[in-house]
Amino acid sequence: MSVERIKTLIIGSGPAGYTAAIYASRADLKPVMYTGMEPGGQLTTTTEVDNFPGYPEGIDGPTMMVQLQQQAERFGTEVRIGMITSVEFSDEVRGIHKAIVDNKTEIEAETVIISTGATARYLGLESEQRLRGGGVSACAVCDGFFYRGQDVAIVGAGDTAAEEASYLANICNKVTMLVRRDEMRASKAMQHRVNSIENIEIKYNTEVDEVLGDQVVEGLRMVNNQTGEKEEIAITGLFVAIGHKPNTDIFKGQLDMDETGYLITQGKSTKTNKPGVFAAGDVQDKEYRQAVTAAGTGCMAALDAERYLASNE
Ligand code: NDP
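Residues numbered from 1 in each chain as written. Predicted model: local features only at pLDDT ≥ 70, side-chain atom pairs only at ≥ 80, totals over all residues. Heavy atoms only, no water.

Engineer: Can you break down the pattern of salt bridges residue by residue, with the values?
Structural biologist: Using the criterion set out here, one finds 18 salt bridges in the structure. Note that Glu-210 is salt-bridged to Arg-221, the shortest N-O span being 3.9 Å. Of the two residues, Glu-210 is situated in strand S14 (residues 206-212) and Arg-221 in strand S15 (residues 219-224); the sequence distance between them amounts to 11 residues. Relative accessible area serves as the criterion here: at 25%, Glu-210 is assigned to the partly exposed category. (Salt bridge = Lys/Arg side-chain N within 4 Å of Asp/Glu carboxyl O. Helix = DSSP H or I, 4+ residues; strand = E, 2+ residues; numbered from the N terminus. Buried < 20%, exposed > 50% of the residue type's maximum accessible area, 1.4 Å probe, protein only.)

Engineer: Can you break down the sheet that holds S15 residue by residue, with the values?
Structural biologist: By definition, the strands of a sheet pair up through backbone hydrogen bonds, in either a parallel or an antiparallel sense. Judged by pairing direction, the sheet is antiparallel, and its 3 strands sit side by side in the order S14-S15-S16 without closing on themselves. In this open sheet, the two edge strands, each paired with only one partner strand, are S14 and strand S16 (230-234). Between one strand axis and the next, the sheet turns through 25° on average, direction left out of account. (Pairing = 2+ DSSP bridges. Axes fitted to C-alpha atoms, helices over the stretch in contact; angles between N-to-C directions.)

Engineer: Tell me about the pairing of strand S8 (residues 105-114), and name the residues and values.
Structural biologist: Counting buried residues in S8 gives 8 out of 10 residues, a clear majority hidden from the surface. Two elements, strand S1 (residues 2-11) and S8, share 9 bridges in a ladder whose sense is parallel. In the sheet register, Ile-11 faces S8, and the bridge partner there is Ile-114. Note that strand S7 (residues 97-101) and S8 share 5 bridges and pair antiparallel.

Engineer: Go over helix H5 (residues 159-171), please, and point to the residues and values.
Structural biologist: Taking 1.5 Å as the rise per residue, H5 with 13 residues should run 18 Å; its terminal C-alpha atoms sit 19 Å apart, in good agreement. Taken together, the buried positions of H5 are Ala-161, Ala-162, Glu-164, Ala-165, Ser-166, Leu-168, Ala-169 and Ile-171. Residues of H5 that are buried sit in contact with helix H4 (140-143), strand S11 (151-155), strand S12 (174-178), helix H6 (188-195), strand S13 (200-203) and strand S17 (237-240). (Expected span 1.5 Å × (residues − 1). Contact = heavy atoms within 4.5 Å.)

Engineer: Kindly report on the environment of Glu-78, identifying the contributing residues and their values.
Structural biologist: Residue position: Glu-78 is located in strand S5 (residues 78-80). Put simply, Glu-78 and Ala-20 are 58 residues apart on the chain and 13 Å apart in space, counted from C-alpha to C-alpha. Dropping the residues within four chain positions of it, Glu-78 is found in contact with Pro-31, Val-32 and Met-33. A distance of 2.8 Å separates polar atoms of two side chains, one belonging to Glu-78 and the other to Arg-80. (Polar contact = N/O pair within 3.5 Å; in protein donor to acceptor, adjacent residues only side chain to side chain.)

Engineer: Help me get a handle on the sheet that holds S13, residues and values and all.
Structural biologist: Spatially, 5 strands are ordered S10-S17-S11-S12-S13 in an open sheet, and the strand pairing comes out parallel. Because the sheet does not close on itself, it has two edges, and the strands there are strand S10 (136-137) and S13. Strand direction decides the pairing type here: S10 and S17, joined by 2 bridges, are parallel. From the neighbouring strand, Val-136 faces S17, where its bridge partner is Leu-238.

Any link to function would need more than the numbers given here.
What follows is the structure, encoded as structure tokens:
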């Protein structure tokens, strides 16, 4: 296995990772970034980003991520397509942290910035998993186009589900929205929006019993969790919008996490429990989860890494 020694390894390529890369490369830490399986992160699955400061007309997610990459590369960040498949973090101050890339290359890094983000959750039904890619999707903005003029359903009642339901309503013939409680979690503004769209039907106290179809989604069996009553509808697409899971599996046993797997950082810093290992973005934030807050913590992680290296020279 080939071994490469670097100052700063950045794992993950969303707004947190790229902002860390911009700051780290300007501070001459010569960062190497591994993008992970979804280069650009979750924003590449969005269309318009209207709430990132500095874009008065909004910007589409993929374009924003390309621009962030270009900005990081302008200062010398090396962006590599690849997955970090395992890590071995040192407990020592000035210790060397090891990371294996795609099970074949070993990186030895003085500092590591983790910005691996979070991934969409699924319901866990066998029929749902079998039909992923065959009509079951966790990203309306990525896949909604394929269901133009058709009937679809969406599960979830948070802001994501509400936003995606209204997005789908624009493209599709009818959107059935399944809400498991008698009210939505989404903000009042988003609730108002979905309530005012004619081709969205909201079903409260309703859950997915089974996704119907062999190779592709053909329908949905729903169950009312108050009455037990079941109902089938014909749909061609099911969108799952029930929240996210932090991408921290490879850090288990090495880094402190909360009960749902989010990395724990110390106080106001991005420091993890290992010296020289920092965490930024959604991987350590289940509360705000915005591009701009991720970018902010990415900046903090690079500054924390720079100070750590300076104090240890
Ligand atoms: P949330 O965790 O806020 O909501 C998840 C939703 O899925 C909840 O309504 C939950 O139901 C439901 N759910 C969870 N598990 C199941 C299940 N097994 N079956 C059925 N329903 C289920 O996630 P979001 O992705 O919606 O939002 C994440 C964060 O991002 C939030 O803070 C949100 O405000 C923010 N956000 C903001 C946006 C904006 O401002 N434009 C856009 C999108 C997200 P229950 O309510 O019963 O727990």
